[in-house]
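Okay, here's what each chain looks like letter by letter:
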Amino acid sequence: MILIALIAGIGTLTFGGWILIRLMERNESLWTFPERISISFLIGSTSFAYLLFLGNIYLGIPLSGGGYFGILLVWIGALLLMWRYYCKHRGWNALPIKVRFPKFNEKTQFWQILIMAILGIWTLLKLTAGGYMLFASPPYFYDTLLNWNMRGKIFYYQKAIAPIPYTLTVDLDSYPPTVSLMKSWLSILMGHWSEPLANGIHLFWLIAITILLFSFIRKRRALFPSFLGAYVLLSLPLFMFQGVNAFADVFMSAHIFMVLFILCDAVSAPTQNLRDAYYRLCAIALSLLIFTKNEGMILYGTILGSAMIVSILVLRKSKQMSGESMRSALLWTASSIFVIGMPWLLYKVSSGMTFGNAKPLSGMSFMFQPNVIKTIFVMTFLEGNWHFLFLIFFGLLAIRHSHLSKLPLSLFTGVTLLLYSIQIVLHVFTSLSIEALIQTGYARGVIHIVPLIVGSVILLLFPPPSQGVDSIKQPLMERENR
Amino acid sequence: MKRVSPFCAIIVWGFLVLFSWTQFASHTFAREEVTWNFLSGNIPERFELGGMSGTSEEDGLHLHAQAEEGRMIAQMRLPFAADVVTLTLGKSSKTEAMLLFGKSGSPLMKLLIAIQGSGLQGQPERIDLPMHTIDGWSAAERFGIALPRGADVRIESITFSRWNIREKFLEGWSSFWTLPDMQAYSINFLWGPLIALTPPERLKLFLYKTPVAFSVLMIGYVVIGCTIIFCASLAICKRTRAAVIVLITVLSLLWILLDLRMGIELINYAKSDYDAYLSQDKTNRKFRNYGDFYSVMEKSSEIIGSAPFVFISDDQSLNIAMRYLAYPAIELTANESGSAKYWLIYRYGAPLVHSDGSLMDGEGKLLSKKGEIIEKFGTHTFLYRAQ
């Protein structure tokens, strides 16, 4: 029964996301099947949570079974109707053209296959153990008990986005309700509050980000480096541990990575139509960041949004983007952010909610905290969180910095470094330093961007294939001809 | 004749050296131990006593700081610098003492030690102190103990131990594979594999918030540093490809070793949950450091339903889990408790149920109307329903 509810719950949201992606693709086909499924799941689940929020807060629709299914049916129904209309009247292809990863002139060696098999089996073993804990063990950690699962329970039993009924020192109700709404949704399908389902969905976010990282590398490198990227990500102890526990940081990292993933594809797109489609979807992914965690709006949305706008302007200036495409991309970005951001912003302001993660922005002071530097150093290099990842990352940046002059690696790694630098600055110069000193904040911020770091490491470590796919004009995929 | 690769030669040579060293070192340097035994009236060393009485008795050296802080100092004539000092105490009061050590003629350094006083139950209390991690210990010539006023301590023995290099290496290897229990802070950071050099440190590796051990990553960085130097020399000899292969191989092996260790830790967490919680029947389940709390809450929630309730426990750290597990039932505050139908008492030391059936706190204050215990879970743990 749990399996059926899980498949039905995640499947329907992924289907909704899939249709939404098709509408944005129009008559193009952007991704391979694994990428499409992962992005459909991420966009679909967060979009559905956003619609639930709109329906409950602004329209008073109760979050009962009827409310959930009603909103779901209206959402998917509208998407299907639009899709049918465009297929019938605009001649769009109903199904996407099959897209494959490029075949580089590099044959996978036997020793590489052997290593992939051994490390793959070991990684599956770890995922199985972690997944078992997620589905079978009760929730344990503070934020799960107080925030993510607690709010999911409240939404389920109150049938509304209701506040936590206890006085707290932290304004947890100010967090976007996305993660908790997903838990509530899956429990609705079971007919009762279900801990296994409420916790189990986190495994799918972990799998989604892993697939996206693999795909991002696979489009630019051969199979072996791509596999290594996925293996390295899942071998990072703290990332894996967070991914198999009911915390929202891996969920956040998946959305951040998705935005940059799509943006890099947009920048590398070989045709104008493909680029337009990528930017439409990037706009939606960016605006959905607002509805993930508080830092999705304040920190990551701002930086990634700026990167997106800068990329549009640079492409326009180098005449690789027409004026019409530029206006369309900017319009999509502005309107997506407005449609998703404004209702959420209005709700927060009218409810007197704070902006910030753990600490409200309004109360944040700026002062140099020298002790934090040592703590950050220890947490980065001397604890069991990341193995030698940061040593390798900084080492490769020093040795291979000449590779950073090419798009999209320069964009990808540049944004990664910028986000990491901001993390350091926030913890060293603001009252978030306390979170670093007591080791409750800094590492969690790094989790948000660690897939970006792993991606940068692999792309820097392995030279591009002879076709030079780091060039922005080189097609990343092989598409079937119709 | 095929030329032997220098890389292979170095690896083989290195293993031969390491193996020989671990074998021969054990014959040359055995584990060393010096014990000051105070049982049966024995006084192994000359002590200077100040501010307290010291009597040699059958069950050890009896120190009593009656009127003021007292101290006992002796010259430490040891043939080695001890790694660990072990205090074995008999019947003693619970107190905080100071270990004193230093060079002759210099001010003594102090190390705070907590005496639990478990010797009162007839079992010796053993306190292991990893002194080799303390600055200034290796040069110390004097050793002693200071007690606060009122402290009453019996010392059965003081043992100074030193492990040889081979034993430290083996302890370090064992500690590498020593796995921690999951803690509330594990979601924020993971200690990773730690290196403890002596058995007492390894046995208590993850018991303290800050482990008395160092991260294996420090060794990793030394290995990587040596490898980089070696690879640089290869590169200078125009063997760049070999240098890159060596560096990548060393990094990969280190990474895989760490992944193996941390992966086993993750699997061990799942196994521990299965062994202690998931495979047990509901009455015997223990969930991580919560013990039987989750089982008690599960059973109580079935009875309480969504009715408001009062929760009383000596352990306030349970509140967050309690509120989550009980929801949709809401915990009432002290001001609202008069209207509560259910009271969940979890390991609350003070007797609560009055002879007439009403609930009272340890000071005799009436908490609830008359009722009855409807579910008893253990000592001082029950669910009470008011009429």
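Scroll up to find the structure this text is about.
Nothing here was measured: the structure is a model prediction, and the numbers come from that model. (Residues numbered from 1 in each chain as written. Chains lettered and ligands numbered in written order. Predicted model: local features only at pLDDT ≥ 70, side-chain atom pairs only at ≥ 80, totals over all residues. Heavy atoms only, no water.)

Engineer: Hey, could you run me through the overall build of chain B in this one?
Structural biologist: Looking only at helices and strands, chain B features 7 helices and 17 strands. For chain B, buried positions account for 43% of its 387 residues. Nonlocal contacts in chain B, meaning residues at least 24 apart in sequence, comprise 63% of its contacts between residues at least 6 apart. Accessible surface computed for chain B: about 20400 Å², of which carbon and sulfur atoms make up 58%. (Helix = DSSP H or I, 4+ residues; strand = E, 2+ residues; numbered from the N terminus. Buried < 20%, exposed > 50% of the residue type's maximum accessible area, 1.4 Å probe, protein only. Contact = heavy atoms within 4.5 Å. Areas by Shrake-Rupley, 256 points an atom, 1.4 Å probe, with all protein chains shown as cover.)

Engineer: Honestly, the sheet that holds strand 17 (residues 381–386) of chain B in this entry has me stumped. Any pointers?
Structural biologist: Paired through backbone hydrogen bonds, the strands of a sheet run either parallel or antiparallel to each other. Residue and element names in this part refer to chain B. Pairing in this open sheet of 4 strands is mixed, and the strands run 14-15-17-16 from one edge to the other. Each edge of the sheet is formed by a strand with only one pairing partner; in this case those strands are strand 14 (309–313) and strand 16 (371–378). Here the average twist between neighbouring strands, direction ignored, is 15°. With 5 bridges connecting them, strand 14 and strand 15 (residues 342–346) associate as parallel partners. In the strand pairing of strand 15, Val-310 is matched with Trp-343. Its contacts with the sheet put helix 6 (residues 293–304) on strand 14, strand 15, strand 16 and strand 17, and the angle it makes with strand 15 is roughly 170°. (Pairing = 2+ DSSP bridges. Axes fitted to C-alpha atoms, helices over the stretch in contact; angles between N-to-C directions.)

Engineer: Can you walk me through the interface of chain A and chain B in this structure?
Structural biologist: How large an interface is tends to be reported as the accessible area lost when its parts come together. If you look at the interface, chain A gives 54 residues, while chain B gives 49 residues. Interface of chain A and chain B: buried area, both sides summed, is about 4700 Å²; carbon and sulfur atoms make up 73% of it. For chain A, the biggest contributors to the area lost against chain B are Tyr-140, Tyr-166 and Phe-388 of chain A; these three give 18% of the whole. On the surface where chain A and chain B come into contact, there are 1 salt bridge. We note a salt bridge from Lys-126 of chain A to Asp-259 of chain B, for which the minimum N-O separation is 2.6 Å. Taken together, the links from chain A to chain B amount to 22 residue pairs in polar contact (both at pLDDT 80 or more). Listed by contribution, the elements that provide at least two residues to the side of chain A that touches chain B are helix 4 (110–136), helix 5 (142–158), helix 8 (223–235), helix 9 (237–243), helix 14 (370–382), helix 15 (389–399) and helix 18 (442–461) of chain A. With 9 residues, the single largest contributor to the side of chain A that touches chain B is helix 5 of chain A. (Buried area = accessible area lost by both parts, 1.4 Å probe. Salt bridge = Lys/Arg side-chain N within 4 Å of Asp/Glu carboxyl O. Polar contact = N/O pair within 3.5 Å; in protein donor to acceptor, adjacent residues only side chain to side chain.)

Engineer: Would you explain the packing of helix 6 of chain B against helix 7 (residues 319–326) of chain B in this entry?
Structural biologist: When two helices pack together, their arrangement is captured by the angle between the axes and the distance separating the axes. All names here are of chain B. The N-to-C vectors of helix 6 and helix 7 enclose an angle of 35°; their axes lie 9 Å apart at closest approach. Considering only the axes of helix 6 and helix 7, their crossing is right-handed. Taking contact as the criterion, the partners of Phe-293, Tyr-294, Met-297 and Ser-301 in helix 6 are, on helix 7, Ala-321, Met-322, Leu-325 and Ala-326. For the contact of helix 6 with helix 7, a count of residues per class yields 7 nonpolar, 1 polar and no charged. (Left-handed = near helix turned anticlockwise from the far one by under 90°. Nonpolar A, V, L, I, M, F, W, Y, C, P; charged D, E, K, R; others polar.)

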